[in-house]
Amino acid sequence: MHCPACKGIINYFSKVNLSIKMVKECPHCGAKIRHSLNWKYFLTGLVPVTFFQIKLFAPFLAKMGVVDSSAAAQLITTFVFLSAITNFKRVDESDNSPS
């Protein structure tokens, strides 16, 4: 993922990405950023991901001996899918005021 302000690369397992704060700071430039979900990619990819986990990934895990293969397939593909479509958005100073 990239910072929207300085275009610096933010690693997936960095402290910025894994913190529970709503508004975070870029480790490169210090700009205030927030996680967001790209809804266009989410809705476009929902059907293919569901098909992949039910028809291809769950039977593969069942042959490997995973007891509840459909639940494991759903968890893994959902995690990968959501991590692929999240991004950062810059936060304006007016958004920081408490409501």
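Note that the coordinates shown come from a computational prediction; the quantities given were computed from them, not determined experimentally. (Residues numbered from 1 in each chain as written. Predicted model: local features only at pLDDT ≥ 70, side-chain atom pairs only at ≥ 80, totals over all residues. Heavy atoms only, no water.)

This brings us to a nonpolar patch on the surface. Residues Y12, F13, L18, L75, I76, F79 and V80 make up a contiguous nonpolar surface patch of about 750 Å² in total accessible area. Per element, the largest residue contribution to the nonpolar patch is four residues, and it comes from helix α3 (residues 69–85). Within the fold, L18 resides in helix α1 (residues 15–18). Note on L18: relative accessible area 53%, which makes it exposed. (Patch = residues over 30% accessible without salt bridge, like charges linked within 9 Å, V, L, I, M, F, W, Y side chains within 5 Å. Areas by Shrake-Rupley, 256 points an atom, 1.4 Å probe, with all protein chains shown as cover. Salt bridge = Lys/Arg side-chain N within 4 Å of Asp/Glu carboxyl O. Helix = DSSP H or I, 4+ residues; strand = E, 2+ residues; numbered from the N terminus. Buried < 20%, exposed > 50% of the residue type's maximum accessible area, 1.4 Å probe, protein only.)

The next point concerns unusual backbone geometry. The phi dihedral of K7 is positive, around 60 degrees, even though this residue is not glycine. For K7, the position within the fold is in the segment before α1. By relative accessible area, which is 58% here, K7 ends up exposed.

Turning to the environment of H2, a few remarks are in order. Note that H2 resides in the segment before α1. It is 9.7 Å that separates the C-alpha atoms of H2 and K89, two residues lying 87 residues apart in sequence. In this view, H2 contacts K7, G8, I9 and F88; residues no more than four positions away in its chain are not counted. (Contact = heavy atoms within 4.5 Å.)

Strand pairs in the sheet, formed through backbone hydrogen bonds, run parallel or antiparallel to each other. What the three strands build is an open sheet, ordered β1-β2-β3; its pairing is antiparallel. The open sheet is flanked by β1 (24–25) and β3 (86–90), the only strands paired with a single partner. The sheet contact formed by β1 and strand β2 (residues 32–37) spans two bridges and is antiparallel. Residue pairing across strands places E25 opposite K32, the latter belonging to β2. (Pairing = 2+ DSSP bridges.)

Here C3 lies in the segment before α1. A C-alpha to C-alpha distance of 6.5 Å links C3 and F88, two positions 85 residues apart in sequence. Not counting residues up to four positions away in its chain, the partners in contact with C3 are G8, I10, C26, C29 and I33.

The first and last C-alpha atoms of helix α2 (residues 39–63) sit 34 Å apart over 25 residues, in line with the 36 Å expected at 1.5 Å per residue. Roughly 40 degrees is the biggest bend found in α2, and it falls at G45, with proline P48 one to four residues downstream. Those residues of α2 that sit buried are F42, G45, V49, Q53, F57, A58 and L61. G65 occupies a position one or two residues after α2 and carries a positive phi of about 100 degrees. (Expected span 1.5 Å × (residues − 1). Bend = angle between axes of the 7 residues up to and from the residue.)

Further remarks concern the confidence of the model for the protein chain. When pLDDT is low, close inspection of the predicted coordinates is not appropriate. Of the residues in the protein chain, 88% have a pLDDT of 70 or more, and the chain-wide mean is 75. β1 holds the highest mean pLDDT among the elements of the protein chain, 84, whereas α3 holds the lowest, 71. (pLDDT = per-residue confidence, 0-100.)

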